[in-house]
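The lines below spell out each chain.
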Amino acid sequence: MIKWIIEKSIITCIIFLLFANMMYAQNRLQYNKYVFPDLFVQGLNLTGNAEYRKSNDQNSELSRSEVNADLNYFSIENKPDIQRYRHSLISGSYSRISDNNSIPFMKESRTYFTSNYYQEYRKYFNPKNGGMPLFWEIDQLIDIFAFSNDDLNSGSNVFRFIDAEIAFPVKFGVGRIEPLAGLPLAEFLADDLLEAGLMDTLFGQDKIFELAQKIVTVENARVFDSRRARIYRLTEISGWLEKHGVPSGIQSFSILNDNLFFAQTGIRGHGKFHSLGFVPYVAPDLTQIFPLLEYGFGLQYEFRRAKNISKKLHHDWGLKSGYFAVSSDIFQSGNVFLLKARYALTYVPITRTILTVVPRFSLYSLENDRGVIETGISVNLTYFINHRLSLNSGIQYFSIENSRPFSTVVLPSLITSDFYSFEFYRTNIVRAPAGNSFKNKTTDLFLYATLSYNLF
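Fair warning: this is a prediction, and the values are worked out from it, not measured in the lab.

What counts as what
Residues numbered from 1 in each chain as written. Predicted model: local features only at pLDDT ≥ 70, side-chain atom pairs only at ≥ 80, totals over all residues. Heavy atoms only, no water. Helix = DSSP H or I, 4+ residues; strand = E, 2+ residues; numbered from the N terminus. Expected span 1.5 Å × (residues − 1). Buried < 20%, exposed > 50% of the residue type's maximum accessible area, 1.4 Å probe, protein only. Salt bridge = Lys/Arg side-chain N within 4 Å of Asp/Glu carboxyl O.

A word on helix α2 (residues 183-195)
Between the first and last C-alpha of α2 there are 19 Å, a value that for 13 residues agrees with the 18 Å anticipated at 1.5 Å per step. Burial within α2 is extensive, with ten of its 13 residues counted as buried. The complete set of buried residues in α2 reads Leu-183, Pro-184, Leu-185, Ala-186, Glu-187, Phe-188, Leu-189, Ala-190, Asp-191 and Leu-193. Downstream of α2 by a residue or two, Gly-197 has a phi angle that is positive, lying close to 80°.

Next comes the structure, spelled out in structure tokens:
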């Protein structure tokens, strides 16, 4: 019954998407002419936390104290010849746990440490000569996780391990997907101003593009106070609108404020690319007793196409295939062939209602006729009912089928994860089910709905 409902839902979604595509296929803007502004923005964030807990029952008197800290850094750079994304995380936690009623008396400490560095860097050749530019790309992924458990009574270490994953994908390709951040918002804003009678005629393509670039620039300016940042953004964009004939006043201010701080238009890009990549990686697992090592080398092809049809409709799709040679003390995977396909659609009827639909498919083929097939679909709807009431709902369905139902297939996370794709192109990515161990046939259905009502 559930399977029948899901199949009918998928068919309904497809019919709806085709209808929406026909409705909004005609648009006044040439999205392939839009150029995302030159941008370099970075941020650093430090957070810390401390807590103490104590609980008692008939058998134990447990106390726990813990401190932890996180340091996050990111930077995004976009130029005609460069696209770069970097993210770094350092996280540490230390806790002490004791039980006064245990025999023998238990008193121990636990230390966690996580370090992550991730960079995506693309260099384009002759980006202004027209056509699809050539590029080379080099990425870095370094993940380190360490854990130590010490017995404070004896001063000895109970358990310790260090787990790491290091990969350096190198890719060569042709094409580019240009981010469209700011552009759908500029379209909605201009239409609202026209509808309110604050403009005599709608902005042309050049002015819409200029407004979108202005929005991106002021939103990424580093203003170290949230209140001053809001004032700065409203002042800069209202000044631009007044310069181009929109009178300043409470009506135009209200429309600008609503669109700039409360609109949802989705993450969008426009363009396509093909790339061929070489992916060497190593993943040591260092424990006290049984140190393990996994390493491998992959050859991977990827295609992505993103298309913005109108201010209300955007879709993109992609295909990834590859062959990985894996040598592992852990997984016994051998050689793995993979094929992944996904499609994503964003539909925005108004700026406070957004629908996303993402079906996907993955195939992993191993030696000795072993293999895994994954299929899934995710649908999310945020629906603005009125100024007090809104609905957020969705469905996620995944099916995993192992060709040998009584034999567990375990794959390296580098192969199963969708994380290794260029940051500028991550539009509506749906993560694969957690873990990389596949056994028997599994289905997962998740439904959710949340109503939010503002009393005043």
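Here the narrative resumes, following the displayed structure.
Some thoughts on the environment of Leu-180
With respect to the secondary-structure elements, Leu-180 resides in the loop between β7 (170-179) and α2. Using a relative accessible area of 1% as the deciding quantity, one classes Leu-180 as buried. Each C-alpha atom of the pair Leu-180 and Asn-308 lies 8.5 Å from the other, and the pair is 128 residues apart in sequence.

Brief notes about the pattern of salt bridges
Two side chains with opposite charge may pair up if their charged atoms get near one another. What the rule picks out here adds up to 16 salt bridges. Among the salt bridges present, the one from Glu-108 reaches Arg-110, with a minimum N-O distance of 2.7 Å. Judged by its relative accessible area of 13%, Glu-108 is buried. Across the pair Arg-304 and Asp-316 runs a salt bridge, and its minimum N-O distance is 3.1 Å. Placement of Arg-304 in strand β9 (residues 292-308) and of Asp-316 in strand β10 (residues 313-328) is noted, with a sequence separation of twelve residues between them. Neither Arg-304 nor Asp-316 differs from the other in exposure class; each is buried.

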